[in-house]
Amino acid sequence: MKLSDIRTALREIPLSPAKTLGQNFLHDQNLARWIVDQAQITPADYVVEIGPGLGALTRFILEKGARVLAIEKDARLANFLRAHFGHERLEVLNNDALKFDPRALFAHRQVKLLGNLPYNISSALLLNFLEQPSSISLWLLTLQKEVAMRLSASPSTHDYGALTLRVQLHHRVKYLRSVRATVFFPQPDVDSAVVRILPRDPLELPARDDELLLKLIRTGFSQRRKQLRKLLRTRVSDWDRVASHLDINPKARAEELSLLQWIDLTNFIAPLPRPDTRLTKIEHFPIVDKNDRILGYASRSQVHGNNLLHRAVHILIFDEAGDVYLQQRSRWKDRHPLKWDSSAAGHVAASESYDETARRELKEELGVSVPLQKFLKLPGALRTDHEFIWLYRGVVSGELVPDKCEIETGTFLAPTVVDGWTSARPEDFAPGFLECWKAYRRKTPSRS
Ligand code: SAM
């Protein structure tokens, strides 16, 4: 949009730009086109645009053939967009983007997020949409230059801090270019910058306890000028030995540690238990006939190597709002690592009934014991990995305590979102879960 068009539109609406809503409209069309080009949008993309304003970016995103969800807090601008861009591929949501739950985006195949963010809440917005786990494959954002520099900073620089590490833990951030305040109307007080954020491959960094890692980082940066030796005294009593073991300067301050060193430190303080693969290999399971009658017993590797029919349970755990917990299988699993799966699942062991296995797996994997309803049974077949599966369901009211050795991450999702996700990207899931979910939804189709 040219400056003259912006002035005309604002007069027509009428709207006098509000500082509280960060209403600074981009009038450099070449820059708008360049920003959108950096997202490499294709017709297969579902693009979420935060704060579309008068549509400076929206127009170019639509030109790429993508579907667009534009979230605009100001009702007058939302109405303006509907009137001027009435397009079958554009949905305008008149809402506060801070209240938008990004988990809904799992229902779409390829999600990208764009926005010239309102300055006053850009960090909060960023953290809402960078929440993990996420289905967003690219973020292309214009932010205050100072925030952009913090996001993309390297160790031992002024801008490197807790926000840098929090974002870089799961993402790679690239500072693309600075943007002068003069390209906006009205002109903001500070310059901006465009950053591109991409999700990291989960295997790029060592496994660790993220919760502890973020706690250590917060403590470390709570007093920037103080040495870590003092700040982390209660966690690490023998700092000199630990520092030398991890190749850290014993006098280091928080800003001197790279992300990898923070992870090493976390794993030194609380090493993640790795599953013992020798033990899992010698586990014994009942093998069964086509009527699920026990024929004998075989080791895990014999069962899987020879496609013998055997028994398993899957458990779907719901919260009180009716959302179901899905887990992402640990990177260390021998079958389907990092695929998404039921809340808990496992093989029936040699001496166990289905019910006993369900109770054990729930306790082991999610740290809870709740009443379980035996819901449906799937026959052993190729598509269930030769497992007879009893599917159970239960409801939790408190917190789950996922076993970090078995589960990479997890989240509660609305069943309709799971429907969308399983049909948009079935390759994200363990095959047994897909069968369980299909069967479950056949029996509960109307539940949201
Ligand atoms: N994208 C437009 C452009 O580049 O010209 C407008 C960008 S302007 C910096 C920020 C936009 O975000 C404004 O349209 C403002 O009304 C909107 N906005 C402010 N707070 C918001 C919020 N919490 N949720 C959604 N939109 C918001």
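About the thresholds
Residues numbered from 1 in each chain as written. Predicted model: local features only at pLDDT ≥ 70, side-chain atom pairs only at ≥ 80, totals over all residues. Heavy atoms only, no water. Patch = residues over 30% accessible without salt bridge, like charges linked within 9 Å, V, L, I, M, F, W, Y side chains within 5 Å. Areas by Shrake-Rupley, 256 points an atom, 1.4 Å probe, with all protein chains shown as cover. Salt bridge = Lys/Arg side-chain N within 4 Å of Asp/Glu carboxyl O. Lys, Arg positive; Asp, Glu negative; His and termini not counted. Charge placed at Lys NZ, Arg CZ, Asp CG, Glu CD. Helix = DSSP H or I, 4+ residues; strand = E, 2+ residues; numbered from the N terminus. Buried < 20%, exposed > 50% of the residue type's maximum accessible area, 1.4 Å probe, protein only. Pairing = 2+ DSSP bridges. Right-handed = clockwise from strand over helix to strand, strands pointing away. Near = heavy atom within 4 Å. Polar contact = N/O pair within 3.5 Å; in protein donor to acceptor, adjacent residues only side chain to side chain. Phe/Tyr/Trp six-rings, centres within 6.5 Å; stacked < 30°, edge-to-face > 60°. Lys NZ or Arg CZ within 6 Å of the ring centre and 35° of its normal.

**Notes on a positive patch on the surface**
Next up, step 1: Residues R166, K215, R218 and R235 make up a contiguous surface patch of positive charge.
Next up, step 2: Position of R235 relative to the elements: it lies in the loop between helix 9 (228-231) and helix 10 (239-246).

**Some details on the pairing of strand 3 (residues 67-72)**
Next up, step 1: Burial analysis of strand 3 places 5 of its 6 residues in the buried class, which makes it a mostly covered element.
Next up, step 2: The pairing of strand 2 (residues 46-50) with strand 3 spans 5 bridges and is parallel. Counterpart to E49 in the pairing with strand 3 is A70.
Next up, step 3: In this structure, strand 3 lies alongside strand 4 (residues 90-94), joined through 5 bridges in parallel fashion. Note that in strand 4 the partner of V68 across the bridge is L90.
Next up, step 4: What joins strand 3 to strand 4 is helix 4 (residues 75-85), and the crossover it makes is right-handed.

**Description of the site of the ligand**
Next up, step 1: Taken together, 23 residues surround the ligand, and among them G51, E72, D96, A97 and N116 come closest.
Next up, step 2: Within the backbone of G53, one N or O atom sits 3.4 Å away from an oxygen atom of the ligand.
Next up, step 3: The contact in question runs from a nitrogen atom of the ligand to an N or O atom on the backbone of A97, over 2.8 Å.
Next up, step 4: For the ligand, the accessible surface in isolation is 590 Å², of which the surrounding protein chains cover 98%.

**Let's talk about the packing of aromatic side chains**
Next up, step 1: If you walk through the whole model with that rule in mind, you get 13 aromatic pairs.
Next up, step 2: For the ring pair F375 and Y440, a centre distance of 5.2 Å and an interplane angle of 45 degrees mean the geometry is tilted. On the criterion of sequence distance, the pair formed by F375 in strand 16 (residues 373-378) and Y440 in helix 16 (residues 431-443) is long-range, its members being 65 residues apart.
Next up, step 3: The rings of F106, F318, W340, F375, W421, F429, F433, W437 and Y440 are connected pair by pair, giving a single aromatic cluster.
Next up, step 4: Note that K374 overlies the ring of W390, its terminal NZ or CZ placed 4.8 Å from the centroid.
Next up, step 5: Over the ring of F375 we find K443, and its NZ or CZ is 4.8 Å from the ring centre.

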